[in-house]
Amino acid sequence: GGGGHGLATAYYLAKNHGIRNVAILEKGYIGSGNVGRNTTIVRSNYMMQENTPFYEHSMSLWRDLSDDLNYNVMFSPRGYVFAACSQASLDGLVRRANIMRLNGIRANILTREELMREVPYLDYSDQARFFIYGGMIQPDAGTARHDAVAWGYARAADQLGVDILQNCEVLDYLWSGDRVVGVRTTRGDIGAGKVAAAVAGHTSVLAQKAGLRLPVESHVLQAFVSEAIKPLLPNVITFGAGHFYVSQSDKGGLVFGGDIDGYNSYAQRGNLPTMEDVCEGGMALIPMLGRIRRLRQWGGIMDMSMDGSPIIDRTPVENLYINAGWCYGGFKATPGSGLVFAHLLA
């Protein structure tokens, strides 16, 4: 796959391990999948003991990524604010913040009054659909330009000798007994000592060709962008009462999204019911959004694991490896995922 995880894996194989006989096979064009179809948010405010240090290590790579790749990925640590719309939600944020602090991650709990000073444009009125009790901020989280991440990793990998084959779809595997020894593609057969699948929502499709049934499901996650407006939102804002998150891009558009579609699909496109649901969430949190025109929407195919945690591992098939199950965390994990997947392969 020629998305963020595949490109990052190839880059770190070449840079950190000196392995440059690497081919990236992308069925479309570089960045045509989820790496170019997300809401660009980068954070590490997780609670599980295994996930928290992983995502924070990925954050440490994000901070120096532009220098490392010699390409401006437009990383912007503008702060990630989570508004709590119930006392239980606020209690959960306190627990989350404490777990983050125990892992050396900066996190601050905000009272309702402190949140009003930090983000005064939320609906704090008595008529608000959801009363806001307070919130949490991860000051070091923020956004990065998704397309620039794909281009930066692709260029850096290419300069180290990695081959990038676009419009080259993997159709099947080549076998020697029970071992995978290459892939059959739309551009011919390619032999390989190791085959690593980093194909997001199509993981289960390619795994099935190797006789594997994985505990992942493919769902569409939609994203939206508004017309460009003057600077309005300095932070990334989210709340859990109606799964909604929003930030403002450098071009001025508001980039926002919500929950995954409730049914399995491989369609990289949006639909009206989800649009309505996401916009309702946005209006409930920030009523003034109703004056802004939505410009476009798109969909990315998420591979959702059963416990919400990703899988980077060998498979029972010799020489076949997978990087899958990233759920909502795929883009923010790009550097960390590539680093550890490259280490496993090397």
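Residues numbered from 1 in each chain as written. Predicted model: local features only at pLDDT ≥ 70, side-chain atom pairs only at ≥ 80, totals over all residues. Heavy atoms only, no water.

1. Some details on the environment of His343
Phase 1: You can see His343 is positioned in helix 9 (residues 334–345).
Phase 2: The class for His343 is exposed, based on a relative accessible area of 57%.
Phase 3: Sequence separation between His343 and Asn16 is 327 residues, and the spatial gap between their C-alpha atoms is 8.5 Å. (Helix = DSSP H or I, 4+ residues; strand = E, 2+ residues; numbered from the N terminus. Buried < 20%, exposed > 50% of the residue type's maximum accessible area, 1.4 Å probe, protein only.)

2. Notes on helix 6 (residues 146–159)
Phase 1: For helix 6, which comprises 14 residues, the first-to-last C-alpha distance of 20 Å matches the rise-based estimate of 20 Å (1.5 Å per residue) to within 8%.
Phase 2: Listed as buried for helix 6 are His146, Ala148, Val149, Ala150, Gly152, Tyr153, Ala154, Ala156 and Ala157.
Phase 3: Buried residues along helix 6 sit in contact with helix 1 (4–17), helix 2 (51–63), helix 3 (65–69), strand 7 (163–165) and helix 9.
Phase 4: Two residues or fewer after helix 6 comes Gly161, characterised by a positive phi angle close to 100°. (Expected span 1.5 Å × (residues − 1). Contact = heavy atoms within 4.5 Å.)

3. Brief notes about helix 1
Phase 1: Over its 14 residues, helix 1 extends 19 Å from the first C-alpha to the last, a length consistent with the 20 Å expected when each residue adds 1.5 Å.
Phase 2: Within helix 1, 11 of the 14 residues are buried, leaving the element largely enclosed by the surrounding structure.
Phase 3: Those residues of helix 1 lying buried are Gly4, His5, Gly6, Leu7, Ala8, Thr9, Ala10, Tyr11, Tyr12, Leu13 and Ala14.
Phase 4: Just beyond helix 1, the residue with positive phi is Gly18, at close to 70°.

4. Examining the pattern of salt bridges
Phase 1: A complete count under the given rule lists 6 salt bridges for this structure.
Phase 2: Across the pair Arg63 and Glu56 runs a salt bridge whose closest N-O atoms are separated by 3.3 Å.
Phase 3: You can call Arg63 partly exposed: its relative accessible area is 36%.
Phase 4: In this structure, Arg293 and Glu227 form a salt bridge, with 2.9 Å as the shortest nitrogen-oxygen distance. (Salt bridge = Lys/Arg side-chain N within 4 Å of Asp/Glu carboxyl O.)

5. Quick notes on the pairing of strand 5 (residues 134–138)
Phase 1: Summarising burial for strand 5: 5 of the 5 residues are buried, a large majority.
Phase 2: The alternating pattern of strand 5 places Gly134, Met136 and Gln138 and Gly135 and Ile137 on opposite faces, both of which are buried.
Phase 3: Pairing of strand 4 (residues 108–111) with strand 5, which is carried by 4 bridges, proceeds in the antiparallel orientation. Residue pairing for strand 5: Thr111 is matched across the bridge by Gly134. (Pairing = 2+ DSSP bridges.)

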